[in-house]
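The chain contents come next:
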Amino acid sequence: MEMKTYLQTSSPLYPNLYVFIVGNPGVGKNRIIRVAKRYMNEIPEFHFAPTSLTGAALVDTLAASKRFIARLPDPPIEYNNTVITAEELTAFMHKYDDEMVGLLSAFYDPDPYAQSRRGRDIKIKIDHPQVNLMSGTTPSNLVQLMPESAWDQGFTSRCILVHSDERIVGDDFAQEGRSLADDLIHDIKMIGALSGEFKVTSEYRDAVNNWRALGEPPVINHPKLLHYKTRRRVHLYKLSMVSAADRGDVLLLTKDDFNRAMGWLVEAESAMPDIFTAGSTGTDSRALEEIAHYIQLKDTGDGVPEYQIVNFARTRVPMHSILRIIEIMTASGQITAKGVDKMGHRWFRSATRH
């Protein structure tokens with residue numbers, strides 16, 4: 001929908017989104033983005049950004065992505081829009097870049113942008129710039145890429161993080177799904193042709209106001225999402241426009257769109273805290289998992305002597321950390337102390353031995 005449709009609040013709000021699809025390797029993030037891009041390719045004159053970009057390259061790409069929509073007898077619409085579809089976030093932005101992040105924050109809202117580059121006598125002015133972003137990443141890459149300070153800034157609050165580690169077991173040789181569906185191609189072309197202002201029904205307005213009066217439940221309390229929650233209402237409005245466009249070609253937000261958008265938002269938000277847990281696993285935590293797996297394999301019922309555990313662990317963690325890790329594993333219930341043999345060696349059993 002780019003900037004062809006909008007919702008009038010205190011200022012025009014457009015339905016562009018920044019979405020990160022977050023999951024461990026092998027869950028299908030790349031496949032989702034590839035298929036989405038194939039469908040978007042069916043829309044005439046759709047502009048895609050290169051996968052790897054610098055801040056300057058993003059500006060150049062956006063400046064070249066001019067859109068002119070004739071709407072006779074109404075005046076035409078002119079704007080600049082580009083879509084970033086990066087199957088892997090680190091391919092798009094291999095390290096945290098303040099300039100790039102600042103530009104993405106600016107291009108989320110289509111405020112006029114101007115740039116003058118020294119030495120090359122280049123002046124760029126974009127009256128209505130807009131970016132859509134869809135990227136895949138693993139939890140660890142996302143957490144490592146974004147410094148702690150990034151979660152207190154505007155860019156991350158503009159992003160919807162969709163996290164899942166569900167793996168769908170299907171038939172790799174099935175013919176179904178290999179080609180684009182004709183009905184979806186038809187629908188996305190119809191959505192791409194929508195133009196004008198979304199109106200709201202009284203029921204939609206009441207649903208929003210009641211939700212706000214209740215404190216916008218469910219409340220998000222994760223420390224890294226404190227600034228995200230200030231933009232939840234914006235995300236809700238954008239997803240409501242997506243819902244209405246998906247239902248038909250009438251630019252009207254109903255209570256059904258409120259409920260549907262809220263369902264999408266709450267489902268995504270319920271899994272967002274898991275991203276930071278999954279992505280913050282350190283070297284010691286991974287070593288602990290390997291040690292626990294070793295003990296599980298070696299424990300045939302009588303337990304495993306401590307010296308064997310130490311010999312295995314010393315190739316994975318510093319020597320001074322080994323005893324601390326064993327104590328942590330015991331305190332957390334991953335292993336249990338079985339006793340001491342006549343040689344004075346402690347023995348441990350795996351709590352997950354089958």
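Cis peptide bonds are those with omega within 30 degrees of zero, and the linkage from Leu72 to Pro73 qualifies with 5°. That bond from Pro217 to Pro218 is cis: its omega, -10°, falls within 30 degrees of zero. Tracing the sequence through the fold places Pro218 in the loop between helix H8 (202–213) and helix H9 (232–247). Notably, Glu216 is not glycine yet its phi reads approximately 55°, a positive angle. Looking at the secondary structure, you find Glu216 in the loop between H8 and H9.

Quick look at the pattern of salt bridges now. Taken as a whole and judged by the stated rule, the model has 16 salt bridges. Measuring nitrogen to oxygen at the nearest pair gives 2.9 Å for the salt bridge that ties Arg232 to Glu269. A residue pair is termed long-range when its members are at least 10 positions apart, and Arg232 in helix H9 and Glu269 in helix H10 (residues 255–279) qualify at 37 residues. A salt bridge links Arg260 to Asp246, with the shortest nitrogen-to-oxygen separation between them at 2.6 Å. Note that Arg260 is positioned in helix H10 and Asp246 in helix H9, a separation of 14 residues in sequence. Among the residues examined, Arg260 registers a relative accessible area of 31% and is labelled partly exposed. Among the charged side chains, a network of salt bridges with common partners joins Glu2, Lys4, Glu45 and Arg67.

Once that is clear, we can look at the pairing of strand E13 (residues 335–340). Summarising the sheet, E13 and strand E14 (residues 346–350) pair through 5 bridges and their orientation is antiparallel. Paired with Gly339 across the strands is Trp347, a residue of E14. If you look at the hairpin formed by E13 and E14, you'll find 5 residues sitting between the two strands, and Gly344 has a positive phi there, around 90°.

A few words now on helix H7 (residues 182–192). Every buried residue of H7 is accounted for by Ile185, Ile188 and Gly192. Down the axis of H7, the smallest arc covering the buried residues is 70°, so these residues share one side. Turned more than 90 degrees from where H7 packs its buried face, Asp182 and Asp183 sit exposed. Among the structural elements, helix H1 (29–40) are those in contact with the buried residues of H7.

Turning our eyes to something else, we now look at the nonpolar core. If you look at the biggest cluster of nonpolar residues, it comprises 75 residues, and the most contacted ones within it are Tyr18, Ile84, Phe92, Leu104, Phe107, Phe155 and Leu161. Looking at which element gives the most residues to this core, the answer is H10, with 8 residues. Ignoring sequence-local partners within four residues, the contact set of Phe155 consists of Tyr18, Phe20, Val101, Leu104, Ser105, Leu133 and Met146. Residues Ala287, Ile295, Val304 and Ile326 belong to the second largest nonpolar core, which totals 17 residues.

A separate point is the sheet that holds strand E10 (residues 196–200). Neighbouring strands of a sheet are bound in pairs by backbone hydrogen bonds; such pairs are parallel or else antiparallel. Strand order across the open sheet formed by 4 strands is E2-E1-E10-E11, with mixed pairing between neighbours. The sheet is open, and its two borders are formed by strand E2 (12–13) and strand E11 (252–253), each paired with just one other strand. As defined by bridge partners, strand E1 (residues 5–8) adjoins E2 across 2 bridges and the pair is classed as antiparallel. Directly across from Gln8, in E2, lies its bridge partner Pro12.

We now examine the packing of aromatic side chains. Under the defined criterion, the tally for this structure stands at 9 aromatic pairs. An angle of 70° between the planes, with centres 5.4 Å apart, marks the rings of Phe46 and Phe48 as edge-to-face. For Phe46, a relative accessible area of 18% puts it in the buried group. Ring geometry for Tyr204 against Phe258: centres 6.1 Å apart, planes inclined by 85°, an arrangement best described as edge-to-face. Here Phe258 lies in helix H10 and Tyr204 lies in helix H8, a separation of 54 residues in the sequence. Both residues of the pair, Tyr204 and Phe258, count as buried. Among the aromatic residues, ring-to-ring pairing joins Tyr18, Phe20, Tyr108 and Phe155 into one connected group. The ring of Phe48 carries the charged tip of Lys37 above its face, separated from the ring centre by 5.0 Å. Across the ring face of Phe312, the terminal group of Arg316 is positioned such that the distance to the ring centre comes to 3.8 Å.

Quick notes on the rules
- Residues numbered from 1 in each chain as written.
- Predicted model: local features only at pLDDT ≥ 70, side-chain atom pairs only at ≥ 80, totals over all residues.
- Heavy atoms only, no water.
- Helix = DSSP H or I, 4+ residues; strand = E, 2+ residues; numbered from the N terminus.
- Salt bridge = Lys/Arg side-chain N within 4 Å of Asp/Glu carboxyl O.
- Buried < 20%, exposed > 50% of the residue type's maximum accessible area, 1.4 Å probe, protein only.
- Pairing = 2+ DSSP bridges.
- Arc of directions from axis to C-beta.
- Contact = heavy atoms within 4.5 Å.
- Core = buried A, V, L, I, M, F, W, Y, C linked by side-chain atoms within 4.5 Å.
- Phe/Tyr/Trp six-rings, centres within 6.5 Å; stacked < 30°, edge-to-face > 60°.
- Lys NZ or Arg CZ within 6 Å of the ring centre and 35° of its normal.

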